[in-house]
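This is what each chain is made of:
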Amino acid sequence: MGGRVWSLLGSASALYLVADAAQRQAGLSISQWALALAGFLFTLLPWWFAPKGEKPPSGARRVSAMATLLGLAVTTLASGDTDSLINAGVWVLTLPVVGALTLDLALDTPDRLGRVRRIRPLLWLLVAVSIAIGTLSIAPAFELFGELRLVPARGFRWALWLGASATIFALVLRLLRRPLGSAPEALAGNAWGLLALLPTVSILVVLYFESWWPTSAIALRPFVALAGAAICVLGHGALIDPSRRPRAGRSTRGVLAAFGASLLVASISAPIALALGFAGETLSGFWGSWIPFVAVLFGLALVVHRRAQRLSRKLLAPFGGRLLEALEEASKTYGGETEIERVAEHLLLPFRRASASAEARPILWMIDPGREIDLDAAGISRVQSAEVPPSLVERALDAPGEVIVGRDIASRLVRHPELRALGAILEQTDALCALPIARGVELEGILVIPKGRRRSRLTLEEINALRAFAQAAGALLGTIAQRDRAQARIALAERSRMEAHDAADAAEAERDRLRTEAQLLREGRALGRQRSALVAYSPGMRALDEKVQRLASAELPVLILAEAGLPIDRVARRLHAESPRAEEAFVVADCLSVSEEDELFRLFGESGRPGWIQSAGSGSLLLADITALSENAQRQLAETIATRRARTVDGVAFEAQARIIASARFRPRRGFDEELKRWLTRATLRIPPLRERREDFSSIVFLALARACRLHGLESAGISENALRILGQYEWPGNLRELQHVIDLAVAKLATEGENLGRVEEAHLPPLPQTSTRGEDPLVGSYADVERRVLLRALEIAGGNKSQAARDLGLKRTTFLDKLRRLES
């Protein structure tokens, strides 16, 4: 039957019983009307257990039947007539069935007990037998097989005993649920069942021992029975409601505290009330005489109830309520802090005390920035950089909001090997549980609460309290972590800024170094010599100096004509230094040193790799031995000079602002680009060879001596007139370079003699080739002989420098080396 059917049947039956009692006793007293009203209200409770439009929870029908039957039993107490056949029949029916219902609920609500449930058929068989025997025991004598039969009255008591025994057995099953391994949710619901059965069984025991009751308290027995029935029904009603399970622990302790306080107050006030005649007081007399007395009792009950609540937490809450008290304490104390160290102390200290062990180690792990915070022996927080164990983070992310209970993880390791890493961490930290702390959906940290001396499992009440605490703490810790992350980003940005400044300073210093190095490379190793004044006593050199000064201010390209060994770079440097471009770059490029394939790349460069023209910028570019360039390169160079525009080899256009200064060993003739020839021959400079500078020869020799002395570590050296005369008679086809080579050999020989201050004599001079006389022809012999003499003479003049010898002959270095190898083979 549904709850509403039970309610309709029960309320109708209750009204009938009240009417019957009122008719038989010609009216009821206040206490009787109170009992009657209570019984009627009991019969209406099934409407509450099965609300309209909703699916009734599991066990709702059994609780509805229990409420209806107990309501009828309470209603019979209103008449006070224990000899009434109707009242006796109600008791025989209700008490065995109510006891069986409590035991039936204990077998499968809130969780099933497995094999113990097999007693259910036997239970209801016993109930049916007890009801039948009880009914026969209260019935009048009846005839059976021709004889008058009368069932003994103890059959009635046997029915009552069955109901009481079933209730006690139900209490035992509920007390054994924790050892039997019920889950925290089931244990939370089971607390309501214990709340219903503990007082009920206590009341049954009190009611059974009638001899203990004083005469003055006999009238209170119906109200004691009413209290037991109310607790039984309401407790089982909360048991079947899943929404009440989270509040089970606290509510159970509150109800038990209220029950204990009421029992204490009742034990004090009942004798006084009975002595003053409360049981027979009329309704009008009650309001006039008892209101002050009731007010005093109410105040006393409040005081006793407050003390009873504290006692119930210590006695009934899991592990003495230490974890619940720690959560309350931590929630009150950490809120005003802004530093993670202080927050951690307020969080961790209560949990250390909750473990009842001074060696317990609560830990707070923060995700970002990664930190591990615990307490030392004095309770001071210790912070160190550490990452949260990945298994903990993975579990917290897989099940957001879940309290990671150490015992639950340990029980699942055999069937779930993937949890072994997590189980190892929880065992290593002696964790009762690990509490993920999140701000919204972002995980901020994990709080590990140690077991310490605790051996009991977490209850649903504690788990819900931990979840609520995690939500509240997550807001504060998330704010602190967000601030710390912001500060870390600021510090990182500041560090990056400082590093960028340092890098910029280093880059600037490197740029200056490279600029200086590049400048030195452009100017060449003979920079001092290039910047020194030219020896210009001869008419040819004075004319050259005047022409350099005239052409310096012009923007025209200049062609320098000079034999091998003459200071082309010094003249070009002088031309640059006297021009408006003196502060810009001066780049020297050797056209003989590059192959034909690389000419365009060296001239014009490519993206990210500037060529000679780009490197010179707005300065001057000296193209030494320009005649060595191919016709294609000469043609593109001529176009660049004409348009002041050029393109890299990969097609990127750029402005060509450099002034072109070219050098050649002879005036360009056939095989030279006509356009380039036209641009270059508009302004030419001819450097006189050494044989045309007799007025300058002595000064040049002394300069060469000074350089040779520095080379060989001598303070100074002179030269005899005879040695100087011999040098002056030579025509010097290798010009200044050949002269410097001869002087170097002479000074080297002088240095081997150990003379620090001496002079070069004729004996120190190496043998000089004789100048050709009339009738002698240097071209006598085969082509191979002539070529061999030319190559060896050039190599001798260049002092053994093959690259320089190749330049003196106007050959590429590779060509010069090939010819030497053929001659030597």
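Residues numbered from 1 in each chain as written. Predicted model: local features only at pLDDT ≥ 70, side-chain atom pairs only at ≥ 80, totals over all residues. Heavy atoms only, no water.

Peer 1: When you look at the overall build of the chain in this model, what are you seeing that I'm missing?
Peer 2: Counting secondary structure elements, the chain contains 30 helices and 19 strands. Counting all 825 residues of the chain, 44% fall into the buried class. When the accessible surface of the chain is summed, it comes to about 42,900 Å², and 58% of that surface belongs to carbon and sulfur atoms. (Helix = DSSP H or I, 4+ residues; strand = E, 2+ residues; numbered from the N terminus. Buried < 20%, exposed > 50% of the residue type's maximum accessible area, 1.4 Å probe, protein only. Areas by Shrake-Rupley, 256 points an atom, 1.4 Å probe, with all protein chains shown as cover.)

Peer 1: What should I look at first to understand the packing of aromatic side chains in this one?
Peer 2: One pair of aromatic rings is described through two measures. These are the centre distance and the angle between the planes. Evaluation of the coordinates by the stated rule reveals three aromatic pairs. Between Y730 and W732 the ring centres are 4.7 Å apart and the planes differ by 85 degrees, which places this aromatic pair in the edge-to-face class. Pair check on accessibility: Y730 and W732 agree, each one buried. A connected cluster of aromatic rings, assembled from ring pairs, spans F697, Y730 and W732. (Phe/Tyr/Trp six-rings, centres within 6.5 Å; stacked < 30°, edge-to-face > 60°.)

Peer 1: How do you make sense of the packing of helix 14 (residues 390–398) against helix 16 (residues 420–428) when you look at a structure like this?
Peer 2: Packed helices, taken two at a time, are described by their axes: the angle between them and the distance between them. At a minimum axis separation of 8 Å, helix 14 and helix 16 run at an interaxial angle of 115 degrees. Between helix 14 and helix 16, the crossing angle belongs to the class labelled roughly perpendicular. Like other packed secondary-structure pairs, helix 14 and helix 16 cross with a definite hand, here left-handed. Seen from helix 14, the contacting residues are S391, L392 and R395; seen from helix 16, they are A421, L422, I425 and L426. Residue composition of the contact of helix 14 with helix 16, grouped by class: five nonpolar, one polar and one charged. (Axes fitted to C-alpha atoms, helices over the stretch in contact; angles between N-to-C directions. Parallel < 35°, antiparallel > 145°, perpendicular 65-115°, else oblique. Left-handed = near helix turned anticlockwise from the far one by under 90°. Contact = heavy atoms within 4.5 Å. Nonpolar A, V, L, I, M, F, W, Y, C, P; charged D, E, K, R; others polar.)

Peer 1: Would you mind showing me how to read helix 19 (residues 539–552) here?
Peer 2: Count 3.6 residues to each turn of an α-helix, and residues three or four apart come out pointing the same way. Taking 1.5 Å of rise per residue, the 14 residues of helix 19 would be expected to cover 20 Å, and the 20 Å separating its terminal C-alpha atoms lies within 8% of that figure. Listing the buried residues of helix 19 in full gives M541, L544, V548, L551 and A552. Across the axial projection of helix 19, the buried residues extend over an arc of 100 degrees, all falling on one side. Opposite the packed face of helix 19, turned more than 90 degrees from it, sit the exposed residues P539 and R550. Looking at the buried residues of helix 19, the elements they touch are strand 9 (558–561), helix 20 (568–577), strand 16 (659–664) and strand 17 (684–686). (Expected span 1.5 Å × (residues − 1). Arc of directions from axis to C-beta.)

Peer 1: Is there a simple way to think about the pattern of salt bridges in this case?
Peer 2: A side chain with one charge may pair with a side chain of the opposite charge, provided their charged atoms come close. One pass over the structure, following the stated rule, counts 28 salt bridges. The closest approach of N and O atoms between R485 and E442, which form a salt bridge, is 3.6 Å. Placement of the pair is R485 in helix 17 (residues 460–523) and E442 in strand 8 (residues 442–450), with a sequence separation of 43 residues. A salt bridge links R497 to E494; the nearest nitrogen and oxygen atoms lie 2.5 Å apart. Of the two residues, R497 and E494 both sit in helix 17, three residues apart, roughly one turn of that helix. By relative accessible area, which is 40% here, R497 ends up partly exposed. Look at the salt bridges and you will find they share partners, linking R62, D104, D108 and R120 into a network. (Salt bridge = Lys/Arg side-chain N within 4 Å of Asp/Glu carboxyl O.)

Peer 1: Explain empty space enclosed by the protein here, please?
Peer 2: Rolled over the atoms, a probe with the dimensions of a water molecule shows which regions are left empty. The full count for this structure, using the stated rule, is two cavities of 30 Å³ or more. Around the largest cavity, the lining residues are E555, L556, P557, I613, T640, I641, R644, A656, A658, R659 and I660. Considered class by class, the residues forming the lining of the largest cavity number seven nonpolar, one polar and three charged. Here the second largest cavity defines a volume of roughly 50 Å³. Around the second largest cavity sit F319, L323, F351, A354, S355, L432, I449, P450, K451 and R454, which together line it. Breaking the lining of the second largest cavity down by element, the ones donating at least two residues are helix 13 (340–354) and strand 8. (1 Å grid on protein atoms, 1.4 Å probe; cavity = no way out; pocket = protein on both sides within 12 Å on 5 of 7 lines; lining within 4 Å. Points joined across faces, edges and corners; volume = space filled by probe spheres on them.)

Peer 1: Would you take a moment to explain a nonpolar patch on the surface for this structure?
Peer 2: Judged by side-chain polarity, L122, L125, L126, V129, I133 and W158 come together as a nonpolar surface patch covering roughly 510 Å² of accessible area. Examining the composition of the nonpolar patch, we find that five residues originate from one element, helix 5 (residues 120–138), more than from any other. For I133, the position within the fold is in helix 5. A residue is classified by how much of its surface remains accessible, and I133, at 32% relative accessible area, is partly exposed. (Patch = residues over 30% accessible without salt bridge, like charges linked within 9 Å, V, L, I, M, F, W, Y side chains within 5 Å.)

Peer 1: Just to check I follow, could you spell out the pairing of strand 5 (residues 381–385) for this structure?
Peer 2: Within a regular strand, side chains alternate between the sheet's two faces. With five bridges joining them, strand 4 (residues 371–375) and strand 5 adopt antiparallel strand pairing. Within the sheet, the bridge partner assigned to I373 lies in strand 5 and is V383. Turn length for the strand 4-strand 5 hairpin, with the two strands adjacent in sequence and antiparallel, is five residues, and the turn residue G379 shows positive phi of about 85 degrees. (Pairing = 2+ DSSP bridges.)

Peer 1: Help me understand the packing of helix 4 (residues 85–108) against helix 5, please; the structure alone is not making it clear to me.
Peer 2: The interhelical angle for the contact between helix 4 and helix 5, taken along N-to-C directions, is 170 degrees, at an axis separation of 9 Å. As the angle between them shows, helix 4 and helix 5 are arranged roughly antiparallel. Along the lines of polarity and charge, the residues of the contact of helix 4 with helix 5 split into 15 nonpolar, four polar and three charged.

Peer 1: Please clarify how the pairing of strand 7 (residues 431–439) should be interpreted in this entry.
Peer 2: Across the nine residues that make up strand 7, a large majority, seven, are buried. As paired elements, strand 6 (residues 404–405) and strand 7 share two bridges and run antiparallel to each other. Pairing of V405 across the sheet is with C433, part of strand 7. Both strand 7 and strand 8 contribute to a ladder of eight bridges, which runs antiparallel.

Peer 1: Help me out: how do you make sense of the environment of I86 in this one?
Peer 2: Its place among the elements puts I86 in helix 4. By relative accessible area, which is 34% here, I86 ends up partly exposed. Beyond its immediate sequence surroundings of up to four residues, I86 is in contact with Y16, L17 and D20.

Peer 1: So what exactly am I meant to see when it comes to the sheet that holds strand 5 here?
Peer 2: To summarise the sheet geometry, strands pair through backbone hydrogen bonds and adopt either a parallel or an antiparallel arrangement. Here we have six strands laid out as an open sheet, ordered 5-4-3-8-7-6, and antiparallel in their pairing. Since the sheet does not close on itself, it has two edges, and those belong to strand 5 and strand 6, each with one partner. Strands strand 3 (363–366), strand 6, strand 7 and strand 8 of the sheet are contacted by helix 14, whose axis makes an angle of about 115 degrees with strand 8.

Peer 1: Explanation requested: the nonpolar core in the structure shown.
Peer 2: Nonpolar side chains in soluble globular proteins tend to end up buried together. Judged by nonpolar contacts, the single largest core of 42 residues is most densely connected at M66, L70 and V127. When residues of this core are traced back to their parent elements, those giving at least two are helix 2 (30–49), helix 3 (60–77), helix 4, helix 5, helix 6 (154–175), helix 7 (184–208) and helix 8 (221–239). Per-element tally for this core: the top contributor is helix 3, with nine residues. Filtering out sequence-adjacent residues up to four positions away, L70 remains in contact with F42, V98, A229, C232 and V233. (Core = buried A, V, L, I, M, F, W, Y, C linked by side-chain atoms within 4.5 Å.)

These results come straight from atomic positions and should not be treated as a statement about function.
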